[in-house]
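Working through the structure, step by step
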Amino acid sequence: MKTIAHGPAFMVDEKGYYGRFGGAYIPEILHRNVKQLSDAFAHYVDDRDFNHELDILLSDYVGRPSPLYRAARLSERYGAEIYLKREDLNHTGAHKINNAIGSVLLARRMDKKHIIAETGAGQHGVATATVCALMGMDCTVFMGATDVMRQQPNVQRMQMLGARVVAVESGNKTLKDATNEAIRYWCCHPDSFYVIGSTVGPDPYPRMVAHFQSVISREMKAQLLEHTGREFPDAVVACVGGGSNAAGAFYHFIDNQDVRLIAAEAAGMGVDTDMTAATISVGTEGIIHGARTMVMQTPDGQIVEPYSISAGLDYPGIGPLHAHLADCGREEVVAITDREALDAAMLLTRTEGIIPALESAHALAALERIRFESGQTIVVNLSGRGDKDMHTYLSNLPSDFGR
Ligand SMILES: Cc1ncc(COP(=O)(O)O)c(C=O)c1O
């Protein structure tokens, strides 16, 4: 396979394929846009001025590096050294801003004036609306009507930031439907710049988003060295919706086979029910939103509506990078139910005083499932904070709450 730079070295080829997953399956009308984006990314990815501007914004505006925190009480519980990579402490409360800043900076270099985005949990929408406010760009965010209801605080934040939020009423009104609508709008308005919020979509998006998120594992390496004297942990755990926080957390460890990469996907009510979003566990190969990947679909190729309590993981596809890593056994996949995620969120809240995003709670729940040797170093990527999920948490309180 001929590889190109800016994907973990052995993995992505010049057409954006990770093994047999990826590529760019797009309508004719978008060819020019996608080509321009590929060219611009190739040009700026190593550009000194571009990276200088990006680095300053990541440090002074986002607050990076995000801390790597040794969770003492969790470590005691699991008999391992548990570290949390605190992406929840970033400005806007999640990892999504890492990609939003890089992408909107690129859009500005390409002289684009109007940014569009899809969002599930609202974190990518808020991050994009934030960067657009910062850079004086127009912003339209597509969001499924179900998610508009369950992530109200983020809808209000986007509106306050000046973005137009379009509630999408098709399908089951979640992330897939928001993405469909964003792509439809993009086809009719090819001058707009589509900031995709995860490692999904046609090439170059998966490798571009992974690149902008790779700052997470770049920092982890330096921070681990400081904390433990070793750059490499024994395992990294992250939740996967489309796969961007996991891509960022795994990126600089992919080539080191001694580091276990553990992806937590959303089982919803269980992988053996029809209310699940565990795409890698139950999906088959197909095409969704411009890429060949694992898809939840019927035998004749109709998308199966996903379900998860977590809006950010409620998606019937997965980034091609993860489809490939799982396919070749490099990435271990655990499917976490709603109940397990809620319990893990409560555990973190009561043992460490940190309320995680529901998405991140899936990664924390994986600690109950995976076997590791005593004393091993495990990093959990805490992709976001739980403010947006307070309503869901409060409606699902355990019976002993308040005691
Ligand atoms: C806090 C948080 N974590 C994780 C995700 C899942 O996205 P990804 O798999 O791209 O990291 C989302 C998506 O909205 C999110 O808001």
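Note: the structure precedes this text.
This text gives an overview of the structure that appears in the document. Computed from a predicted model, the values in this text were never measured in an experiment.

1. Here's the deal with the site of the ligand
Around the ligand there are 20 residues in total, and Ser198, Gly241, Ser244, Gly312 and Gly384 lie nearest to it. Tallied by class, residues from the shell around the ligand come to 6 nonpolar, 13 polar and 1 charged. Taken domain by domain, the makeup of the shell around the ligand includes at least three residues from each of domain 1 (25-58 + 96-209) and domain 2 (64-93 + 214-395).

2. Brief notes about the sheet that holds strand E8 (residues 193-195)
The 4 strands lie next to each other as E7-E6-E5-E8, forming an open sheet whose pairing is parallel. Every other strand in the sheet has two partners, leaving strand E7 (164-168) and E8 as the edge strands with one partner each. Looking at each pair of strands side by side, their axes are set apart by 25° on average, direction ignored. Where strand E5 (residues 114-119) meets E8, 3 bridges bridge the pair, whose relative direction is parallel. Looking across to E8, one finds that Ile115 is bridged to Phe193. Of the strands in this sheet, E5 and E8 are in contact with helix H4 (residues 96-109), which crosses E8 at around 170°. Most of the contacts of helix H8 (residues 175-188) go to E5, to which it runs at about 160°, and overall it touches E5, strand E6 (138-144), E7 and E8.

3. Re the environment of Ile115
Positionally, Ile115 belongs in strand E5. By the C-beta count within 10 Å, which is 25 here, Ile115 ends up buried. Other than its neighbours up to four places away in sequence, Ile115 contacts Val104, Ala107, Thr128, Cys132, Met137, Asp138, Cys139, Phe193 and Val195.

Basis of the calculations
- Just so you know, the residues in each chain are numbered from 1, in the order the chain's sequence is written.
- Totals for whole chains, interfaces and linings use every residue, but because this is a predicted model, local features are given only for residues with pLDDT of at least 70 and side-chain atom pairs only at 80 or more, for both listing and counting.
- Residues are counted as near a molecule or strand when the C-beta atom, derived from backbone positions, lies within 6 Å of that molecule or strand.
- Amino acids are sorted into nonpolar (Ala, Val, Leu, Ile, Met, Phe, Trp, Tyr, Cys and Pro), charged (Asp, Glu, Lys and Arg) and polar (every other residue, Gly among them).
- Residue ranges labeled as domains rest on an automatic or database domain assignment.
- Strands were regarded as paired on the criterion that DSSP finds at least two bridges between them.
- Segments assigned H or I by DSSP are reported as helices when at least four residues long, segments assigned E as strands when at least two residues long, and all are numbered from the N terminus.
- Each axis is a line fitted through C-alpha atoms, and for a helix only the stretch in contact is used; angles between axes span 0 to 180 degrees, taken between their N-to-C directions.
- The contact criterion used here is simple: two residues whose C-beta atoms, placed from the backbone, lie within 7 Å are in contact.
- Partly exposed residues are those falling between the two cut-offs: more than 12 but fewer than 20 other C-beta atoms within 10 Å of their own, whereas 20 or more means buried and 12 or fewer means exposed, with C-beta atoms placed from the backbone.

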